[in-house]
Amino acid sequence: MGGVPSEHGEGGQVQVLVRDNNVDQALKALKKKMQREGLFREMKLRRHFEKPSERRAREAAEAVRRARKMERKRLEREGF
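K.L.:
Looking at this structure, I do not really get the overall build of the protein. What am I missing?
P.N.:
In terms of regular secondary structure, the protein is built from 3 helices and 0 strands. Overall, the protein shows an N-to-C arrangement of helices and strands of α-α-α. When the 80 residues of the protein are sorted by exposure, 5% land in the buried category. For the protein, the accessible surface area stands at approximately 7800 Å², while carbon and sulfur atoms represent 53% of it.

K.L.:
What should I look at first to understand the layout of surface pockets in this one?
P.N.:
Vacant regions in the atomic arrangement are exposed by a probe of water-molecule size rolled over the atoms. Volume-wise, the largest pocket comes out at about 190 Å³. Residue lining of the largest pocket: Gln 15, Val 16, Leu 17, Val 18, Arg 19, Asn 22, Gln 25, Ala 26, Ala 29 and Lys 33, and that is the complete set. Residues belonging to the lining of the largest pocket are distributed by class as follows: 5 nonpolar, 3 polar and 2 charged.

K.L.:
Quick question: what am I supposed to make of the confidence of the model for the protein here?
P.N.:
Detailed reading of the predicted model is not advised wherever pLDDT is low. The predicted model of the protein averages 87 in pLDDT, with 86% of residues at 70 or higher. Per-element mean pLDDT across the protein ranges from 91 in helix H2 (residues 39–45) up to 96 in helix H3 (residues 52–78).

Rules behind the numbers
In every chain, residue numbers begin from 1 and rise along the written sequence. With the structure being a predicted model, the display of local features is reserved for residues of pLDDT at least 70 and the display and counting of side-chain atom pairs for 80 or more, all residues being used for whole-chain, interface and lining totals. Side-chain descriptors were evaluated using all non-hydrogen atoms of the structure, hydrogens and water having been removed beforehand. Helix and strand labels come from DSSP, where a helix needs a run of H or I of at least four residues and a strand needs a run of E of at least two; each type is numbered from the N terminus. With a 1.4 Å probe rolled over the protein chains alone, any residue whose accessible area is under 20% of its type maximum counts as buried; one over 50% counts as exposed, and the rest are partly exposed. Note on areas: these come from Shrake-Rupley sampling with a 1.4 Å probe, and a residue is covered only by the protein chains present in the view. Buried and open spaces are told apart on a 1 Å grid over the protein atoms alone, a cavity being a set of points where a 1.4 Å probe fits but cannot get out and a pocket being an open set with protein on both sides within 12 Å along at least five of seven lines. Residues with an atom within 4 Å of a point are the lining residues. Grid points are joined across faces, edges and corners, and a volume is the space filled by probe spheres set on the points. Residue classes follow a fixed rule: Ala, Val, Leu, Ile, Met, Phe, Trp, Tyr, Cys and Pro count as nonpolar, while Asp, Glu, Lys and Arg count as charged, and any other residue, Gly among them, counts as polar. The quantity called pLDDT is the predictor's confidence in a given residue, expressed from 0 to 100.

Dropping the structure here:
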């Protein structure tokens, strides 16, 4: 691929550099990247098997929630 550095290491792993032995700062950056990538949510979902019908129902409910939230934000922007 190209020579452009990315935040992902070999095999799509999230990678964080530790600078000046500042592990706390690196850990904070790692947690932020994992949160952005949705890894915590995925780990929580994978703790137990989810039947395909349950997955479809969950995803449909999430879509409804997202649509309602977007509609609320749109109405708020328009001043209603």
